[in-house]
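Survey of secondary and tertiary structure
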Amino acid sequence: MATTQLTANFDTFLTLLTAQLQNQDPLDPLDTEKFTEQLVQFSSVEQSIQTNQNLETLIGLQASASNGQALSMIGQTAEVASAEARLNETGAEWRVTLPDQAEQIALTVQNENGETIAVLEGQTNQGEQVIHWNGERRDGTQAPQGTYTLNVVASDVTGNRLDAQIAINGRVSAVTFDTNGARIEIGGAAYNVADVIRVSQNLNEANKS
């Protein structure tokens with residue numbers, strides 16, 4: 001550890017300093033200013049190490065709290081800010097919210113390669129609307145199950161672009177942990193905990209209790 005190495009170096013420094021002071025020439029004493037500078041440097045390094053250790057402790061506590069928060073979501077219904085949704089046998093679904101009334105809106109679905117494979121219809125009303133895709137591609141064939149991205153382009157009556165909020169909603173089935181932190185799984189797709197907008201209790205589970 002850095003602290004152990006620093007202690008060993010400091011002990012060596014004190015041993016050398018003591019030996020030099022004991023054997024210095026009384027008529028030509030050693031310059032104590034340099035020793036003082038070295039002592040200050042040791043103190044500064046020690047404080048830096050302690051600060052880093054405290055930060056590591058805080059980061060560890062924050063990660064533990066985040067992991068605990070993610071685990072508590074299992075079985076709950078979560079809404080996540082994400083344009084990616086999993087297509088399964090019942091289709092794929094997104095929630096789109098417009099900040100203002102739109103004059104025009106265009107919805108397209110893209111596959112993992114960024115190719116537009118479907119064009120959907122949407123409402124221009126302000127507020128939230130649910131967009132459902134049954135998996136049918138533009139050529140009439142059925143898209144395979146997987147993760148797809150909804151792209152929303154909306155503009156108001158003056159032609160200004162509206163920033164639509166896109167989210168998915170579903171029951172949290174599992175939590176995974178990796179180097180990027182905790183991720184919740186909804187419908188077979190993984191999402192970052194930081195992207196969760198809201199969490200609500202599953203009503204079916206609540207009625208059983």
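Refer to the structure above for everything that follows.
Now for a description of the structure that goes with this document. (Residues numbered from 1 in each chain as written. Predicted model: local features only at pLDDT ≥ 70, side-chain atom pairs only at ≥ 80, totals over all residues. Heavy atoms only, no water.)

Glancing now at the layout of surface pockets. Approximately 240 Å³ is the volume found for the largest pocket. Listing elements by their share of the lining of the largest pocket, those giving two or more residues are β2 (84-87), β3 (92-98) and β9 (165-178). With three residues, β9 is the largest single contributor of residues to the lining of the largest pocket. Tallied by class, residues from the lining of the largest pocket come to five nonpolar, seven polar and two charged. (1 Å grid on protein atoms, 1.4 Å probe; cavity = no way out; pocket = protein on both sides within 12 Å on 5 of 7 lines; lining within 4 Å. Points joined across faces, edges and corners; volume = space filled by probe spheres on them. Helix = DSSP H or I, 4+ residues; strand = E, 2+ residues; numbered from the N terminus. Nonpolar A, V, L, I, M, F, W, Y, C, P; charged D, E, K, R; others polar.)

So, on to the nonpolar core. Membership of the largest hydrophobic core comes to 35 residues, with the highest contact counts inside it found for W94, V109, W133, L150, I184 and I186. Excluding anything up to four places from it in sequence, L150 contacts A83, W94, V96, L107, T108, V109, L120 and I166. (Core = buried A, V, L, I, M, F, W, Y, C linked by side-chain atoms within 4.5 Å. Buried < 20%, exposed > 50% of the residue type's maximum accessible area, 1.4 Å probe, protein only. Contact = heavy atoms within 4.5 Å.)

With that settled, the discussion passes to the environment of E84. With respect to the helices and strands, E84 occurs in strand β2. For E84, a relative accessible area of 40% gives the class partly exposed. For the pair formed by E84 and Y191, sequence separation is 107 residues and the distance between their alpha carbons is 9.2 Å. In this structure E84 touches W94, T147, Y148, T149, I168 and Y191, once residues within four positions along its chain are discounted.

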